[in-house]
Amino acid sequence: MRFVIIGAGRVGLRTGRVLQEEGHEVTLVERDAAVAERARDQGFDVVGGDGSREEVLERAGIDEADALGALSGDLNTNFPACLIGKHHGCRTILRIDEDYREDIYRKYAAEVDEIVYPERLGAIGAKNALLGGDIRAIADIAQNLQVVELTVTEEAPTRGYTISELQLPADATVLAFGKENEPLDIPDPDESLEEGDRLVVLADFDVLGDVRQILVGDNSRAAAQASAGGT
């Protein structure tokens, strides 16, 4: 696939490098000449110029691109770039650096395919490291909603229950289930929970601690997790 990325800073470079390592074609667009030159020195194809201008994106190959990632630190560049990308038939990804706010999401979400928050993604990784291996945050859906993957432990009070027998809080829903070392799939109500099995759950932050206690066990860590999820 072919991708155009706006911004050759930290986020743009890391994203471009991952895509290149997977065999995709990547062109970076960067207005800062020194930053653009550093990216070229690292082996990237870089077009110098303002990524919010259509003629610059055309030089970057927007007409042949499968997707455009507007990943600079400037929202006033990123959003126009996405609109141009959409006009040229690209999938569009918009980076927003500000703390998550519903008004910002509503303003931009309808115009792009996806919004990313690099700081929040980094925070999810840090939180996973702190929480340990039996609960893993996958995504923050909104200010109060998170998708998490939990691994059933020997301490889980519901070990041996079937999925249909689970009594999770009202603000929590099982989205997927997978036996240990098997792919995740649609939950089977008759499937029993055994140590090592994984469940993907959509839950309100306020009930994550309860969900973890039900599916994982360990009261002390559940309390710590609930506190971490609410911050």
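Everything quoted here is computed from the prediction, not taken from an experiment.

**Section: the overall build of the chain**
- Scanning the chain from terminus to terminus reveals eight helices and ten strands.
- For the chain, contacts bridging at least 24 residues in sequence account for 52% of all contacts bridging at least 6.
- Accessible area of the chain: about 11800 Å², with a carbon and sulfur share of 47%.

**Focus: the pattern of salt bridges**
- Applying the stated criterion across every chain, the model contains seven salt bridges.
- Between arginine 40 and glutamate 37 there is a salt bridge; the shortest N-O distance is 3.3 Å. Taken together, the residues arginine 40 and glutamate 37, both in helix H2 (residues 33-41) and three residues apart, mark about one turn of the helix.
- With relative accessibility at 34%, the residue arginine 40 sits in the partly exposed group.

**Overview of the sheet that holds strand S4 (residues 67-70)**
- Judged by pairing direction, the sheet is parallel, and its six strands sit side by side in the order S3-S2-S1-S4-S5-S6 without closing on themselves. The open sheet is flanked by strand S3 (45-48) and strand S6 (114-116), the only strands paired with a single partner. Within this sheet the neighbouring strands show an average axis-to-axis angle of 20°, counted without direction.
- One ladder, built from four bridges, connects strand S1 (residues 2-6) with S4; its direction is parallel. Looking across to S4, one finds that isoleucine 6 is bridged to alanine 70.
- On top of the sheet, H2 reaches strand S2 (25-30) and S3; it is set at about 165° to S3, its chief contact.
- Running over the sheet, helix H4 (residues 75-87) touches S1, S4 and strand S5 (91-95) and is turned about 175° from S5.

**Quick notes on the side chain of aspartate 197**
- Inspection of the secondary structure puts aspartate 197 in the loop between strand S9 (172-178) and strand S10 (198-204).
- Among the polar contacts listed, one links the side chain of aspartate 197 to the backbone nitrogen of glutamate 194, at a separation of 2.7 Å.
- Apart from residues no more than four positions distant in its own chain, aspartate 197 is found in contact with Leu150, Thr151, Val152, Phe177, Gly178, Lys179, Glu180 and Ser192.

**Here we look at a negative patch on the surface**
- On the surface, a cluster of negative charge is contributed by Glu54, Glu58, Asp63 and Glu64.
- Mapped onto the fold, aspartate 63 is located in the loop between helix H3 (54-59) and S4.

**Overview of helix H7 (residues 208-215)**
- H7 sits mainly inside the fold: six of its eight residues count as buried.
- Listed as buried for H7 are Leu208, Gly209, Val211, Arg212, Ile214 and Leu215.
- The positive-phi residue at the C-terminal boundary of H7 is glycine 217, with phi of around 95°.

**Considering the pairing of S2**
- With respect to burial, S2 is a largely interior element, five of its six residues being buried.
- Inspection of the sheet shows S1 paired to S2 by five bridges, in the parallel sense. Residue pairing across strands places isoleucine 6 opposite valine 29, the latter belonging to S2.
- The β-α-β motif built from S1, the intervening helix H1 (residues 10-21) and the parallel element S2 has right-handed crossover chirality.
- Handedness of the crossover joining S2 and S3 through H2 is recorded here as right-handed.

**What to know about the packing of aromatic side chains**
- Per the stated rule, a full pass over the model turns up one aromatic pair.
- For the pair phenylalanine 79 and tyrosine 108, a centre-to-centre distance of 4.6 Å together with 65° between the ring planes defines the contact as edge-to-face. Of this pair, phenylalanine 79 sits in helix H4 while tyrosine 108 sits in helix H5 (residues 102-109), and the two are 29 residues apart along the sequence.
- Residue classification places phenylalanine 79 among the buried positions, given a relative accessible area of 17%.
- Classification of tyrosine 108 by relative accessible area gives buried; the value is 10%.

**Quick notes on unusual backbone geometry**
- Despite not being glycine, asparagine 181 has its phi angle at roughly 65°, a positive value.
- Inspection of the secondary structure assignment puts asparagine 181 in the loop between S9 and S10.
- Owing to a relative accessible area of 77%, asparagine 181 belongs among the exposed residues under this scheme.

Definitions and cut-offs
Residues numbered from 1 in each chain as written. Predicted model: local features only at pLDDT ≥ 70, side-chain atom pairs only at ≥ 80, totals over all residues. Heavy atoms only, no water. Helix = DSSP H or I, 4+ residues; strand = E, 2+ residues; numbered from the N terminus. Contact = heavy atoms within 4.5 Å. Areas by Shrake-Rupley, 256 points an atom, 1.4 Å probe, with all protein chains shown as cover. Salt bridge = Lys/Arg side-chain N within 4 Å of Asp/Glu carboxyl O. Buried < 20%, exposed > 50% of the residue type's maximum accessible area, 1.4 Å probe, protein only. Pairing = 2+ DSSP bridges. Axes fitted to C-alpha atoms, helices over the stretch in contact; angles between N-to-C directions. Polar contact = N/O pair within 3.5 Å; in protein donor to acceptor, adjacent residues only side chain to side chain. Patch = residues over 30% accessible without salt bridge, like charges linked within 9 Å, V, L, I, M, F, W, Y side chains within 5 Å. Lys, Arg positive; Asp, Glu negative; His and termini not counted. Charge placed at Lys NZ, Arg CZ, Asp CG, Glu CD. Right-handed = clockwise from strand over helix to strand, strands pointing away. Phe/Tyr/Trp six-rings, centres within 6.5 Å; stacked < 30°, edge-to-face > 60°.

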